[in-house]
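Single-letter residue listing:
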Amino acid sequence: MKLATGLRMPSRGSIAVDGKPIVGPLKVTGMAFQASSLLPWRTTLDNVLLPLEIVEPHRTNFRRERPAFAAKARRLLASVGLDGHADQFPWELAGGMQQRPRSVAPSSTSRRCSCSTNRSARSTRSREELWCILRDLHAAQRFNVILVTHDLREAVFLADTVS
């Protein structure tokens, strides 16, 4: 995962995405880990907006474009079942709900998503809800996903290719 997103460089050989070699962290990549990794002092909305605050090219215009980014982020949060939870803090969300904000990115240039799931991390019901959310987001936005899972059902349900 770290190699595919440019967070770590290979010790030998090279990795390419869209035919271009990876030479550092990809700005259009999101990664969701087993732990929610939400910042506890930021609301759900502010956690979703964080990458736009700190990564170019959005950082430069973030303050001016924040209302538009926030509106898009609220729509994306609603699409993953978090309508009405944008102004809540992570500790106010159920465990499965804490995973969802990292599955959305309000940037129109965000085309990739990497996910890691763990059977013990969530209940079967919320895991399967996340599968459907990811499938529906993928159908609507057509981005690439690298899914790391130990659950064969999850892999078969979501993947074009299972390795």
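Anything mentioned here points back to the structure above.
A brief report on the enclosed structure follows. (Residues numbered from 1 in each chain as written. Predicted model: local features only at pLDDT ≥ 70, side-chain atom pairs only at ≥ 80, totals over all residues. Heavy atoms only, no water.)

## Let's talk about the packing of helix α1 (residues 44-54) against helix α2 (residues 58-79)
Right, on to step 1. Following both chains from N to C, one finds α1 and α2 inclined at 145 degrees, their axes separated by 9 Å at the closest point. Crossing handedness for the pair α1 and α2: right-handed. Contact with α1, carried on its side by T44, L45, D46, V48, L49, L52, E53 and I54, involves H58, R59, F62, R66, F69, A70, A73, R74 and L77 of α2 and no other residues of that element.
Right, on to step 2. Taken together, the residues of the contact of α1 with α2 sort by class into 10 nonpolar, two polar and five charged. (Axes fitted to C-alpha atoms, helices over the stretch in contact; angles between N-to-C directions. Helix = DSSP H or I, 4+ residues; strand = E, 2+ residues; numbered from the N terminus. Left-handed = near helix turned anticlockwise from the far one by under 90°. Contact = heavy atoms within 4.5 Å. Nonpolar A, V, L, I, M, F, W, Y, C, P; charged D, E, K, R; others polar.)

## Brief notes about the nonpolar core
Right, on to step 1. Counting residues in hydrophobic clusters, the biggest one holds 19 residues, and the most contacted among them are L45, L49 and L77.
Right, on to step 2. Broken down by secondary-structure element, the contributors of at least two residues to this core are α1, α2 and α4 (124-141).
Right, on to step 3. With five residues, the top contributor of residues to this core is α2. (Core = buried A, V, L, I, M, F, W, Y, C linked by side-chain atoms within 4.5 Å. Buried < 20%, exposed > 50% of the residue type's maximum accessible area, 1.4 Å probe, protein only.)

## Let's talk about α2
Right, on to step 1. Helix length check: α2, at 22 residues, gives a terminal C-alpha distance of 23 Å against a target of 32 Å (1.5 Å per residue), a shortfall beyond 12%.
Right, on to step 2. For α2, the principal kink sits at R64 and spans about 85 degrees; a proline, P67, occurs within the next four residues.
Right, on to step 3. Following α2 by one or two positions, G81 has its phi on the positive side, about 80 degrees. (Expected span 1.5 Å × (residues − 1). Bend = angle between axes of the 7 residues up to and from the residue.)

## Concerning the side chain of T44
Right, on to step 1. Tracing the chain through its elements places T44 in helix α1.
Right, on to step 2. Here T44 falls in the buried class, since its relative accessible area comes to 1%.
Right, on to step 3. For T44, the side chain forms a polar contact with the main-chain oxygen of H85, separated by 3.2 Å.
Right, on to step 4. In contact with T44, other than residues within four places in its own chain, are L77, L82, H85, A86, Q88, L93 and P101. (Polar contact = N/O pair within 3.5 Å; in protein donor to acceptor, adjacent residues only side chain to side chain.)

## Quick look at the pattern of salt bridges
Right, on to step 1. With the rule as written, the count across this model stands at six salt bridges.
Right, on to step 2. A salt bridge links R153 to D151; the shortest N-O distance between them is 3.7 Å.
Right, on to step 3. Overall, the relative accessible area of 7% leaves D151 in the buried class. (Salt bridge = Lys/Arg side-chain N within 4 Å of Asp/Glu carboxyl O.)

## What to know about the environment of W131
Right, on to step 1. On the secondary structure map, W131 appears in helix α4.
Right, on to step 2. Separated by 24 residues in sequence, W131 and A155 place their C-alpha atoms 9.6 Å apart.
Right, on to step 3. When neighbours within four sequence positions are excluded, W131 is seen to be in contact with D151, R153, E154, F157 and L158.

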